[in-house]
Amino acid sequence: MIKTVKSVDLKGKRVIMRVDFNVPMKDGVVQDDTRITAAIPTIKYILGEGVKTLTLMSHLGDPSKDAKKAKEKAEKDGKAFDEADYIKGKHRMAPVAAYLEKKLGEKVVFAGEDGCYGKKSFIDGQADGTVIMLENTRFHKEETSKEADERDKLAKELASYGDIFVNDAFGTAHRDHASTASIAKFVPVSVAGFLMEKEVNYLEPIVTSPQKPLVAIIGGAKVSSKIAVLESLLRNASALVIGGGMAYTFLNAQGHKVGKSLVEDDQIDTAKKILEAAKKTGAEIVLPVDQVGAETFDAAAKPVAVDSRDLPDNLMGLDVGPKTVALYRDVLAKAKTIVWNGPVGVFEFEAFAKGTEEVAKLVAEATGKGAITVVGGGDSVAAVNKFGLASKMSHVSTGGGASLELLEGKKLPGIEVCRG
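Heads up: these notes are all about the structure in this document. (Residues numbered from 1 in each chain as written. Predicted model: local features only at pLDDT ≥ 70, side-chain atom pairs only at ≥ 80, totals over all residues. Heavy atoms only, no water.)

1. A word on the sheet that holds strand β13 (residues 304-306)
- Strand order in the open sheet made by the three strands is β13-β12-β14, with antiparallel pairing throughout. Both outer strands of the open sheet, β13 and β14 (316-320), are each paired with one neighbouring strand and no more. Recorded for the sheet is a direction-independent mean angle of 40 degrees between the axes of neighbouring strands.
- In this sheet, β14 lies alongside strand β12 (residues 291-294) in antiparallel orientation, the contact comprising four bridges. In the strand pairing of β14, Gln291 is matched with Val320. (Pairing = 2+ DSSP bridges. Helix = DSSP H or I, 4+ residues; strand = E, 2+ residues; numbered from the N terminus. Axes fitted to C-alpha atoms, helices over the stretch in contact; angles between N-to-C directions.)

Okay, structure coming up:
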């Protein structure tokens, strides 16, 4: 169990809250407010409880890493690069604070561009019920330091801004950072917000005690990034639907011809082990039986239907075919719980989006019939949003890496600090 914000008395308290406002920005303008919107119920609840102050903290991109990449690109292109202007446009929290103010309908005070240190007097001097936004936590190297002592330096400072720590940033729950986990050592009480609670309540039971039959749809490009989640879900799944680029490593392991498709040669043995493990647990492994290929990996490439598990040498598999979708339909119809992580084709290319769109429709259909359906992982979330079906799922996770690690059965630092 995790302790939530409803389990503590907030009246008159200073609350320091970690949110995940790592939103896409362009020229200082928020491009997608999904993560901001997701935090608002917790923010409104806290304000409604009569707090002294509510101080919000978040990272926004990775300033030093992003600036380095941008500088290298500018130099390569022979263009001038101003790091200060670049960071101002992409990494400053002031525009996010202004956006939140409009969305929330409450004044949000930005604590200044000079970082997260030395803000206690500023915060304590605010009127009761004030919402304050700190600058990007990742402007300080201590935030992400691998050294606990360094993280603690920033964590202690952040802890001085609140009597209660609320973590509602599920997207960074897998990070052992100063503002996500270390801070809990220096605050008397640490609890989860509503978003964190919802994520844990949907994702943890899939690993520990799912309503069965459980069907997992695992897609994406590489087996190597999904080994742990495949092994974890295999313990309880009646079927694993494996799609996307990673399916070709499995098909190759079975001796099928995969043409020019993406295959991780160093993961062939891993694929064979997972296939063997599935036999022992009695789980069905569902791989493509027909596919849509192309000669090149390109949005303009001509799609070629291949009514076989095997691909000719000149083609690469970029989507699943109608017979495979029919297989999916049969398997998903039996499920009481469905977890989906990763697309089954290159859905970003219209000619190769059909398979992933059909999966999204099938999962939405299952939700309507009473199944618990959870979508986790950046690409599958992008897919259900693209096809307008996010609202038809039981839960769409806000955390890519965090949801994947939770499904792997790992303990996440940002969640553990909220345990009862």
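From this point on, the discussion continues.
2. Here's the deal with helix α10 (residues 268-281)
- Given a rise of 1.5 Å per residue, 14 residues ought to cover 20 Å, and the 20 Å separating the end C-alpha atoms of α10 matches this to within 8%.
- For α10, the full list of buried residues reads Ile268, Thr270, Ala271, Ile274, Leu275 and Ala278. For α10, the arc enclosing every buried residue in end-on projection is 165 degrees, short of the 170-degree limit, so these residues lie on one face. When the buried face of α10 is taken as reference, the exposed residues oriented beyond 90 degrees from it are Asp269, Lys273, Lys279 and Lys280.
- Buried residues in α10 make contact with α8 (227-234), α9 (247-253) and β11 (284-286). (Expected span 1.5 Å × (residues − 1). Buried < 20%, exposed > 50% of the residue type's maximum accessible area, 1.4 Å probe, protein only. Arc of directions from axis to C-beta. Contact = heavy atoms within 4.5 Å.)

3. Observations concerning the side chain of Arg18
- Inspection of the secondary structure puts Arg18 in strand β1 (residues 14-18).
- The exposure class assigned to Arg18 is buried, which follows from its relative accessible area of 0%.
- A polar atom in the side chain of Arg18 sits 3.2 Å from the side chain of His59. (Polar contact = N/O pair within 3.5 Å; in protein donor to acceptor, adjacent residues only side chain to side chain.)

4. Overview of the pairing of strand β6 (residues 130-133)
- Neither face of β6 is left uncovered, since the one carrying Thr130 and Ile132 and the one carrying Val131 and Met133 both have all their residues buried.
- Of the pairings in the sheet, the one linking strand β4 (residues 53-57) to β6 comprises four bridges and is parallel in character. Along β6, the bridge assignment pairs Leu54 with Val131.
- As judged from the three bridges shared by strand β5 (residues 108-110) and β6, these two strands associate in the parallel manner. Looking at β6, one finds that Val108 is bridged to Val131.

5. Regarding the pattern of salt bridges
- According to the stated counting rule, one finds 24 salt bridges in the structure shown.
- In this structure, Glu350 and Lys386 form a salt bridge, with 3.0 Å as the shortest nitrogen-oxygen distance. Placement of Glu350 in the loop between β15 (337-341) and α12 (354-368) and of Lys386 in helix α13 (residues 378-386) is noted, with a sequence separation of 36 residues between them.
- Measuring nitrogen to oxygen at the nearest pair gives 3.3 Å for the salt bridge that ties Glu358 to Lys354. Highlighted residues: Glu358 and Lys354, both in helix α12, separated by four residues, approximately one helical turn. (Salt bridge = Lys/Arg side-chain N within 4 Å of Asp/Glu carboxyl O.)

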